[in-house]
Amino acid sequence: MTETLHIETMSYGPDAIAHQADGRVVFVSGAVPGDVAEVEILEERASFLRGRVARVVEPSEARVRPRDPDLTESIEPWSIMAYDAQLAAKERNVTEALIRTGGIGREEAERLVQPIIPSKREYGYRNKLEMAACTDDAGKFALGFTQHGSDQATPARRCSLAVKPLEKAPHAVAGALRYLAGNEDLGIFRVGVRASLRTKSKEVALWTPPSPFPRAFAAKVLQESMEAGSVVRVIAEPGSERRMKRVETLAGNGRWEEELAGLRFSVSAPSFFQVNTAQAEKLIGLVLEAVSVEEGMLVADVFAGCGTFSLPLADAGAEVVAIELSGSATRDLRRNAEGNGLYVDVICDDASRALDSLEGTDAVVVDPPRAGLDKRVVEGICQAAPARVAYVSCDPQTLSRDVARFRARGYELQRVTPVDLFPQTYHVESVAVLAR
């Protein structure tokens, strides 16, 4: 069944939004606000429907030709939309989340949300690609990206979101691994590649289950084909959890190097690091501004990772307590602090179990995963009563939910600044500033 619809806006997701005559919402893939399109209805529920564009009847002024048409259903879903329209949609999504989930009035929400900070690079910004193993049309080993809402990967030859040294990595690494494997199945289910435009450091990480593996040959092939200074094997169980058992260094020192905010970071394969280096510096600037660092003030960095905010805070003169559960990230954080001549008190523990460490803090920085903060963490921060909280979020909905929890405990939301770290996608980072 198809019907002609006027596309109104973008959801917080890859799809656009339209309405049927009876008012029901239709989530439409492949659409841009302002399009008039024939939409094929794929799924119908009581309160909404899902469909995809069968034919564009009248294209929106915001519709553009994507650089990688094959990737619009996976890693580049918004690449069919002009960049200024992407920015407007992201800023709107942050505002609407504060209204609907945060319980803030529209006028106040529009005042609190600052203009989004655009990315200088609309393409060529990702310092990391994570690719899933799959097979091509000939049944050969390939690498690609999973489609939204699916665990199925589509083979890719290139990705223009990546920095130049990684742009052709999907094809190049897959070819090297086919040569490495020969007629054997090496069990590789995921491959991560990182490259820095600033340090020229490059790393390839192979994800495999525990099994025999040609370590020396793999190191030689990948060093030659990708000019990788570091090659590692992450031994883990396949699946969404990806339970990691250990990491083997096959070549180099087993770490990737990046420069950020004038500091040097050494990052091991399992550790998280922001994929857009230049925009990560914008996040750091907003956090430092939010905290208003003074010499000797005590700042807690919760979900600290390998030190993205801890190190700049310490460099600015704060005494920093960093809380991070990942053993890999805490080892990186300690190494990075020492390498930059800084001291950070690092606690390897779950945030909800390390709340005593927040006592006496002047400010708290939180950068949680997409799920946001556990209620106990919000309560622990409020009991510690820091003057200011800087909340770095990758999900407007969970940010808004947690902002409501802070406001209920006596904290005022002063501003939220969206930062576009992920052009051509619906994802958006935000820095919220709360004051007691």
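The model shown is predicted, which means the values in this text are computed figures rather than measured ones.

A count of helical and extended segments in the chain gives nine helices and 22 strands. A compact globule built from 436 residues would reach a C-alpha radius of gyration of about 22 Å, and the chain, at 23 Å, matches this within 12%. The principal-axis extent of the C-alpha atoms belonging to the chain is close to 60 × 60 × 35 Å. Put simply, the chain has 436 residues, and 56% of those count as buried. Here the contacts in the chain between residues at least 6 apart in sequence split such that 61% fall between residues at least 24 apart. Charge centroids of the chain, computed over 52 positive and 62 negative side chains, lie 4 Å from each other.

Structurally, Val247 is set in strand E13 (residues 244–251). Residue classification places Val247 among the partly exposed positions, given a relative accessible area of 35%. Counting along the chain gives 22 residues from Val247 to Ala269, while the straight-line C-alpha distance between them is 8.1 Å. Apart from residues no more than four positions distant in its own chain, Val247 is found in contact with Val232, Arg233, Val234 and Pro270.

What follows covers the sheet that holds strand E11 (residues 202–208). One open sheet accounts for seven strands, arranged E9-E8-E7-E10-E11-E12-E13; its pairing is mixed. Looking along the sheet, the strands with just one partner apiece sit at the ends: strand E9 (153–155) and E13. With direction set aside, neighbouring strand axes in the sheet form an average angle of 30°. Sheet contacts for helix H3 (residues 169–181): strand E7 (128–135), strand E8 (141–146), strand E10 (190–195) and E11; angle to E8, the most-contacted strand, approximately 145°.

Here we take up the pattern of salt bridges. Per the counting criterion, the structure on display carries 34 salt bridges. Close ionic contact of Asp420 with Lys90 constitutes a salt bridge, the shortest N to O distance being 2.6 Å. With Asp420 in the loop between strand E21 (412–419) and strand E22 (429–435) and Lys90 in helix H1 (residues 83–100), this pair connects stretches of sequence that are 330 residues apart. Under the relative-accessibility criterion, Asp420 is labelled buried at 0%. Residue classification places Lys90 among the buried residues on the basis of a relative accessible area of 0%. Where salt bridges share partners, they join Asp15, Glu43, Arg45 and Arg50 into one cluster.

A few words now on empty space enclosed by the protein. Under the criterion given, the structure shown has two cavities of 30 Å³ or more. Within this model, the largest cavity holds a volume of roughly 80 Å³. Every residue lining the largest cavity is listed: Lys128, Glu130, Gly192, Val193, Arg194, Glu203, Val204, Ala205, Trp207 and Ala269. Secondary structure elements with two or more residues in the lining of the largest cavity: E7, E10 and E11. It is E11 that provides the largest number of residues to the lining of the largest cavity, a total of four residues.

With respect to the helices, strands and loops of the structure, His19 is situated in strand E3 (residues 16–19). What makes His19 partly exposed here is its relative accessible area of 33%. Taking the C-alpha atoms as reference points, His19 and Leu5, separated by 14 residues in sequence, lie 7.3 Å from one another. Residues contacting His19, with those up to four places away along its chain left out, are Leu5, Glu8, Arg24 and Val25. Among the polar contacts listed, one links the side chain of His19 to the side chain of Glu8, at a separation of 2.8 Å.

Below, the discussion takes up the packing of H3 against helix H4 (residues 215–226). Pairs of packed helices are described in terms of their axes, by the angle between the two and the distance that separates them. The geometry of H3 relative to H4 is characterised by a closest axis approach of 10 Å and an angle of 150° between their N-to-C directions. For the element pair H3 and H4, the recorded crossing hand is right-handed. On H4, the residues touching Ala169, Ala172, Val173, Ala176, Leu177, Tyr179 and Leu180 of H3 are Phe217, Ala218, Val221, Leu222, Ser225 and Met226. Along the lines of polarity and charge, the residues of the contact of H3 with H4 split into twelve nonpolar, one polar and no charged.

Thresholds, definitions, all that
- Residues numbered from 1 in each chain as written.
- Predicted model: local features only at pLDDT ≥ 70, side-chain atom pairs only at ≥ 80, totals over all residues.
- Heavy atoms only, no water.
- Helix = DSSP H or I, 4+ residues; strand = E, 2+ residues; numbered from the N terminus.
- Rg over C-alpha atoms; globule rule 2.2 N^0.38 Å.
- Buried < 20%, exposed > 50% of the residue type's maximum accessible area, 1.4 Å probe, protein only.
- Contact = heavy atoms within 4.5 Å.
- Lys, Arg positive; Asp, Glu negative; His and termini not counted.
- Charge placed at Lys NZ, Arg CZ, Asp CG, Glu CD.
- Pairing = 2+ DSSP bridges.
- Axes fitted to C-alpha atoms, helices over the stretch in contact; angles between N-to-C directions.
- Salt bridge = Lys/Arg side-chain N within 4 Å of Asp/Glu carboxyl O.
- 1 Å grid on protein atoms, 1.4 Å probe; cavity = no way out; pocket = protein on both sides within 12 Å on 5 of 7 lines; lining within 4 Å.
- Points joined across faces, edges and corners; volume = space filled by probe spheres on them.
- Polar contact = N/O pair within 3.5 Å; in protein donor to acceptor, adjacent residues only side chain to side chain.
- Left-handed = near helix turned anticlockwise from the far one by under 90°.
- Nonpolar A, V, L, I, M, F, W, Y, C, P; charged D, E, K, R; others polar.

As far as function goes, none of this settles anything; it's purely spatial.
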